[in-house]
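Observations on the three-dimensional arrangement
The primary structure of each chain is shown beneath.
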Amino acid sequence: VAAARQQIGASVRLADKLLTVEPGNTEWADRATATHLVAADTALASGNIDEAAAATRKGCDIAARLAARDPSVVDWSGRLRRSCLLSEARLALTR
(Lines give C-alpha, C1' and ligand atoms only; values in the text may rest on other atoms or scores of the structure.)
Protein backbone atom coordinates (compact mmCIF):
# COMPACT_ATOMS: atom_id res chain seq x y z
CA VAL A 1 0.00 0.00 0.00
CA ALA A 2 2.83 2.41 0.84
CA ALA A 3 4.43 1.96 -2.58
CA ALA A 4 1.09 2.54 -4.30
CA ARG A 5 0.53 5.71 -2.30
CA GLN A 6 3.99 6.98 -3.30
CA GLN A 7 3.28 6.33 -6.99
CA ILE A 8 -0.11 8.00 -6.79
CA GLY A 9 1.46 10.96 -4.98
CA ALA A 10 4.00 11.30 -7.78
CA SER A 11 1.17 11.19 -10.31
CA VAL A 12 -0.73 13.92 -8.45
CA ARG A 13 2.35 16.15 -8.34
CA LEU A 14 2.91 15.65 -12.08
CA ALA A 15 -0.74 16.40 -12.89
CA ASP A 16 -0.61 19.59 -10.82
CA LYS A 17 2.65 20.63 -12.48
CA LEU A 18 1.20 20.09 -15.97
CA LEU A 19 -1.78 22.28 -15.06
CA THR A 20 0.58 24.98 -13.83
CA VAL A 21 2.62 24.87 -17.03
CA GLU A 22 -0.39 24.70 -19.35
CA PRO A 23 -3.52 25.76 -17.42
CA GLY A 24 -5.73 25.89 -20.51
CA ASN A 25 -5.08 22.30 -21.53
CA THR A 26 -8.38 20.50 -21.05
CA GLU A 27 -6.79 17.06 -21.42
CA TRP A 28 -4.47 17.78 -18.48
CA ALA A 29 -7.41 19.06 -16.44
CA ASP A 30 -9.44 15.94 -17.18
CA ARG A 31 -6.58 13.66 -16.21
CA ALA A 32 -5.74 15.74 -13.14
CA THR A 33 -9.32 15.32 -11.94
CA ALA A 34 -9.09 11.55 -12.31
CA THR A 35 -5.68 11.47 -10.62
CA HIS A 36 -6.88 13.43 -7.59
CA LEU A 37 -9.94 11.20 -7.25
CA VAL A 38 -7.78 8.06 -7.37
CA ALA A 39 -5.60 9.63 -4.68
CA ALA A 40 -8.76 10.29 -2.65
CA ASP A 41 -9.89 6.67 -2.97
CA THR A 42 -6.47 5.41 -1.96
CA ALA A 43 -6.29 7.74 1.04
CA LEU A 44 -9.77 6.68 2.07
CA ALA A 45 -8.87 3.00 1.80
CA SER A 46 -5.87 3.70 4.01
CA GLY A 47 -8.03 5.42 6.62
CA ASN A 48 -6.71 8.92 5.91
CA ILE A 49 -10.05 10.71 5.88
CA ASP A 50 -8.72 14.29 5.89
CA GLU A 51 -6.32 13.53 3.05
CA ALA A 52 -9.14 11.85 1.10
CA ALA A 53 -11.36 14.90 1.64
CA ALA A 54 -8.65 17.27 0.41
CA ALA A 55 -7.95 15.18 -2.69
CA THR A 56 -11.68 14.91 -3.44
CA ARG A 57 -12.08 18.68 -3.10
CA LYS A 58 -9.11 19.34 -5.37
CA GLY A 59 -10.26 16.89 -8.05
CA CYS A 60 -13.84 18.12 -7.98
CA ASP A 61 -12.74 21.77 -8.11
CA ILE A 62 -10.73 21.04 -11.26
CA ALA A 63 -13.71 19.15 -12.74
CA ALA A 64 -16.07 22.03 -11.96
CA ARG A 65 -13.79 24.55 -13.66
CA LEU A 66 -13.51 22.28 -16.68
CA ALA A 67 -17.29 21.79 -16.93
CA ALA A 68 -17.88 25.54 -16.52
CA ARG A 69 -15.48 26.19 -19.37
CA ASP A 70 -17.83 24.47 -21.83
CA PRO A 71 -21.05 23.02 -20.37
CA SER A 72 -21.90 21.42 -23.73
CA VAL A 73 -19.12 18.84 -23.27
CA VAL A 74 -21.12 16.03 -21.70
CA ASP A 75 -18.00 14.07 -20.79
CA TRP A 76 -16.93 16.83 -18.41
CA SER A 77 -20.32 17.71 -16.98
CA GLY A 78 -21.41 14.07 -16.89
CA ARG A 79 -18.56 11.64 -16.32
CA LEU A 80 -16.41 13.90 -14.18
CA ARG A 81 -19.37 15.12 -12.13
CA ARG A 82 -20.46 11.52 -11.59
CA SER A 83 -16.95 10.61 -10.43
CA CYS A 84 -16.99 13.51 -7.98
CA LEU A 85 -20.38 12.56 -6.60
CA LEU A 86 -19.23 8.97 -6.06
CA SER A 87 -16.04 10.10 -4.36
CA GLU A 88 -18.00 12.50 -2.14
CA ALA A 89 -20.47 9.72 -1.26
CA ARG A 90 -17.71 7.30 -0.29
CA LEU A 91 -16.22 10.01 1.89
CA ALA A 92 -19.59 10.78 3.49
CA LEU A 93 -20.01 7.12 4.44
CA THR A 94 -16.94 7.40 6.68
CA ARG A 95 -18.31 10.30 8.71
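A brief report on the enclosed structure follows. Keep in mind the model is a prediction, meaning the values are calculated, not measured. (Residues numbered from 1 in each chain as written. Predicted model: local features only at pLDDT ≥ 70, side-chain atom pairs only at ≥ 80, totals over all residues. Heavy atoms only, no water.)

**Observations concerning the overall build of the chain**
Counting its secondary structure elements, the chain contains four helices and zero strands. Its helices and strands taken in sequence order, the chain reads α-α-α-α from the N to the C terminus. For a compact globule of 95 residues, the expected C-alpha radius of gyration is about 12 Å, and the chain comes in at 13 Å, within 12% of that figure. C-alpha atoms of the chain, sized along the principal axes, occupy 35 × 30 × 15 Å. Considering the chain as a whole, with its 95 residues, one finds that 35% of them fall into the buried category. Long-range contacts, defined here as pairs at least 24 residues apart, represent 62% of the contacts in the chain between residues at least 6 apart. Here the chain has roughly 5,700 Å² of accessible surface; of this, 58% comes from carbon and sulfur atoms. When the 13 basic and 11 acidic side-chain charges of the chain are each reduced to a single mean position, those positions are 3 Å apart. (Helix = DSSP H or I, 4+ residues; strand = E, 2+ residues; numbered from the N terminus. Rg over C-alpha atoms; globule rule 2.2 N^0.38 Å. Buried < 20%, exposed > 50% of the residue type's maximum accessible area, 1.4 Å probe, protein only. Contact = heavy atoms within 4.5 Å. Areas by Shrake-Rupley, 256 points an atom, 1.4 Å probe, with all protein chains shown as cover. Lys, Arg positive; Asp, Glu negative; His and termini not counted. Charge placed at Lys NZ, Arg CZ, Asp CG, Glu CD.)

**Brief notes about helix H1 (residues 2-21)**
With 20 residues, H1 extends 29 Å from end C-alpha to end C-alpha; this agrees with the ideal 28 Å at 1.5 Å per step. Against the buried residues of H1 lie helix H2 (26-45) and helix H3 (49-69). (Expected span 1.5 Å × (residues − 1).)

**Overview of the pattern of salt bridges**
Opposite charge on two side chains permits pairing when their charged atoms draw close. One pass over the structure, following the stated rule, counts five salt bridges. Glu51 is the partner of Arg5 in a salt bridge, and the nearest nitrogen-oxygen pair spans 2.9 Å. In this pair, Arg5 sits in helix H1 while Glu51 sits in helix H3, placing the two residues 46 residues apart along the sequence. For Arg5, a relative accessible area of 25% gives the class partly exposed. Residues Asp75 and Arg79 are paired through a salt bridge, measuring 2.7 Å at the closest nitrogen-oxygen approach. (Salt bridge = Lys/Arg side-chain N within 4 Å of Asp/Glu carboxyl O.)

**A word on the state of the cysteines**
Under the criterion given, the structure shown has one disulfide. The residue that forms a disulfide with Cys60 is Cys84, at a sulfur-sulfur distance of 2.4 Å. Judged by the sign of its S-S torsion, about -125°, the bond between Cys60 and Cys84 is left-handed. Taken together, the residues Cys60 in helix H3 and Cys84 in helix H4 (residues 74-92) connect sequence positions 24 residues apart. Take Cys60 and Cys84: they sit in the same class, and that class is buried. (Disulfide = S-S within 2.5 Å.)

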